[in-house]
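# Understanding the architecture of this molecule
What follows is the residue order along each chain.
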Amino acid sequence: MRELANIPDDNPKWILLDGDLDANWVESMNSVMDDSRLLTLPSNERIRLLPHMKMIFEIRDLKYATPATATRAGILYVSEGRQWHNMVQSWLERVVRPYAEKAKWKDPNQPVKWLSDMCDKYVPDTIFEMKKSFSHITPLSTMNFITTLTNILEGVMNPENLSNKSEQGLFEMYFVFAAIWAFGGALVEKDGINYRRNFDKWWKQTWTTVKLPGKGTVYDYFVNAKTGKFQPWAELVADVQFDSSKPMSSMFVPTAETSSLRFFLDLMVDLHKPIMFVGGEYIWPGL
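Residues numbered from 1 in each chain as written. Predicted model: local features only at pLDDT ≥ 70, side-chain atom pairs only at ≥ 80, totals over all residues. Heavy atoms only, no water.

## Concerning the packing of aromatic side chains
Note the threshold: Any two rings among Phe, Tyr and Trp, with Trp reduced to its six-membered ring, count as a pair given centres within 6.5 Å; such a pair is stacked if its planes are under 30 degrees apart, edge-to-face if over 60, and tilted if neither. Strands are runs of DSSP state E lasting at least 2 residues, helices are runs of H or I lasting at least 4, and numbering of each runs from the N terminus. Burial classes follow relative accessibility: with a 1.4 Å probe on protein chains only, a residue under 20% of its type's maximum area counts as buried, one over 50% as exposed, and anything between as partly exposed. The criterion is that NZ of a Lys, or CZ of an Arg, lies within 6 Å of the ring centre and within 35 degrees of the ring normal, and then a charge sits over that ring.
Applying the stated rule across the entire model yields 26 aromatic pairs. Plain terms: the ring middles of tyrosine 122 and tryptophan 203 are 6.0 Å apart, the flat faces sit at 10° to each other, and that makes the pair stacked. In this pair, tyrosine 122 is assigned in helix α6 (residues 109-133) and tryptophan 203 in helix α9 (residues 195-206), connecting sequence segments 81 residues apart. Residue classification places tyrosine 122 among the buried residues on the basis of a relative accessible area of 2%. Both rings, one in phenylalanine 177 and one in tryptophan 233, keep their centres 6.2 Å apart while their planes meet at 45°; by these two values the pair is tilted. One end of the pair, phenylalanine 177, is in helix α8 (residues 168-184); the other, tryptophan 233, is in the loop between β8 (229-232) and α10 (256-271), and 56 residues separate them in sequence. Here the basic side chain of arginine 196 rests over the ring of tyrosine 219, its NZ or CZ set 4.0 Å away from the ring centre.

## Side note on the environment of glutamate 189
Applied cut-off: Any two residues whose heavy atoms approach within 4.5 Å at even a single point are treated as in contact.
Along the chain, the position of glutamate 189 falls in strand β5 (residues 189-190). For glutamate 189, a relative accessible area of 57% corresponds to the exposed category. Residues glutamate 189 and serine 31 lie 158 residues apart in sequence; the distance between their C-alpha atoms is 48 Å. Those residues within four positions of glutamate 189 in sequence are excluded, and the remaining contacts are Asn194 and Tyr195.

## Notes on the pairing of β8
Note the threshold: For two strands to pair, DSSP has to find at least two bridges joining them.
Looking at chain direction, strand β7 (residues 221-224) and β8 are connected through four bridges and run antiparallel. Residue pairing in the sheet places valine 223 in a bridge with phenylalanine 230 of β8. Counting the residues that bridge the hairpin from β7 to β8 gives four residues, and of these glycine 228 lies at a positive phi of roughly 70°.

## Quick notes on α8
Defined as follows: The span expected for a helix works out to 1.5 Å for each residue beyond the first.
Helix length check: α8 (17 residues) gives 23 Å between terminal C-alpha atoms against 24 Å at 1.5 Å per residue, within 8%. Extensive coverage of α8 is indicated by the burial of 14 of its 17 residues.

## Side note on the packing of α8 against α9
To keep things clear, this is the line we draw: Each axis is a line fitted through C-alpha atoms, taken for helices only over the stretch in contact, and angles between the N-to-C directions span 0 to 180 degrees. If you view the pair so one helix is near and one far, a crossing is left-handed when the near helix is turned anticlockwise from the far one by less than a right angle, and right-handed when it is turned clockwise. In this count, Pro and Cys sit with the nonpolar residues alongside Ala, Val, Leu, Ile, Met, Phe, Trp and Tyr, while Asp, Glu, Lys and Arg are called charged and the others, Gly among them, polar.
Two elements in contact, α8 and α9, have axes separated by 11 Å at closest approach and are oriented at 145°. Handedness of the crossing formed by α8 with α9: right-handed. Contacts from Val176, Ala179, Ile180, Trp181, Phe183 and Gly184 in α8 reach Arg196, Phe199 and Trp203 in α9. When grouped by side-chain class, the residues that make up the contact of α8 with α9 number seven nonpolar, one polar and one charged.

## Some remarks on the environment of tyrosine 221
As for its placement among the helices and strands, tyrosine 221 is situated in strand β7. Assessed through its relative accessible area of 9%, tyrosine 221 is described here as buried. For the pair formed by tyrosine 221 and glutamine 231, sequence separation is ten residues and the distance between their alpha carbons is 5.3 Å. The contact partners of tyrosine 221, leaving out residues within four places of it in the chain, are Phe177, Trp181, Pro213, Lys215, Phe230, Gln231, Pro232 and Trp233.

## Here's the deal with helix α5 (residues 83-102)
What counts, and what does not: Throughout, bend refers to the angle between the axes fitted to the seven residues that end at a position and the seven residues that start at it.
Compared with an ideal rise of 1.5 Å per residue, which puts 20 residues at 28 Å, α5 spans 28 Å between its outermost C-alpha atoms and is within 8% of the ideal. Of all the bends in α5, the greatest, near 35°, is centred on leucine 92. Looking at α5, one finds that the buried residues are Trp84, His85, Val88, Trp91, Leu92, Val95, Val96, Tyr99 and Ala100. Here the buried face of α5 lies against α6, α7 (142-156) and α8. Backbone geometry just after α5 places lysine 104 at a positive phi near 65°.

Distances and angles like these do not, on their own, reveal function.
In structure tokens:
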């Protein structure tokens, strides 16, 4: 704030404070948000919030906000509710329609409509079940699920995988693949409950339009672009050339799971999208 105030120009400047409100420091901001627009530090240094400077608090709730703080700020409340639907509609126009034009679909509206219908079919019930019956390794909101879903779809949706002659069934196959990992990718065994196994069972019983192989779980397969069928991750595992002159601890042994992780890592890197892997304390030394 001090550095921005000392910049000589009057171009618009924004300060974004991300995180929960703290009852102690937020009281110091009251004078910044009133007419004086002045921050007084314990050292008696005073920093003025200039007219061209704006401040935004991006917070989860107002649990620790006093009436003095709440009345001084303009509050925009964004409810999850059906916000995910608005995000999907924006994504369809921003990503899917340009894909359809690039792939030279005769009717660019066709893949847009298909994916819109699939979202309406799969997403509401799956979100409801996630909140009712499952607990992820890290807290995830509805928008997290939808962002991951659209990012995976964006990564696999190209003319090489889905040409302008692709049928709705192939689109739905890719959608199911993306949805499985978007909603169930962060499920693990927790508090003695194997949520990943429960998700596998629930998905197979609930969504039957796209038939997954009966052997293994829904996590064991990806869509092979050449065959248009589900293929086991295990078939992507390369043979390891063992060198006896090197210590075993220095060698990396790929598995079906590391193949899937590598697939999503490469997918998100190519899209310049953020990705985070979360696991137990004994998992990452091997990676």
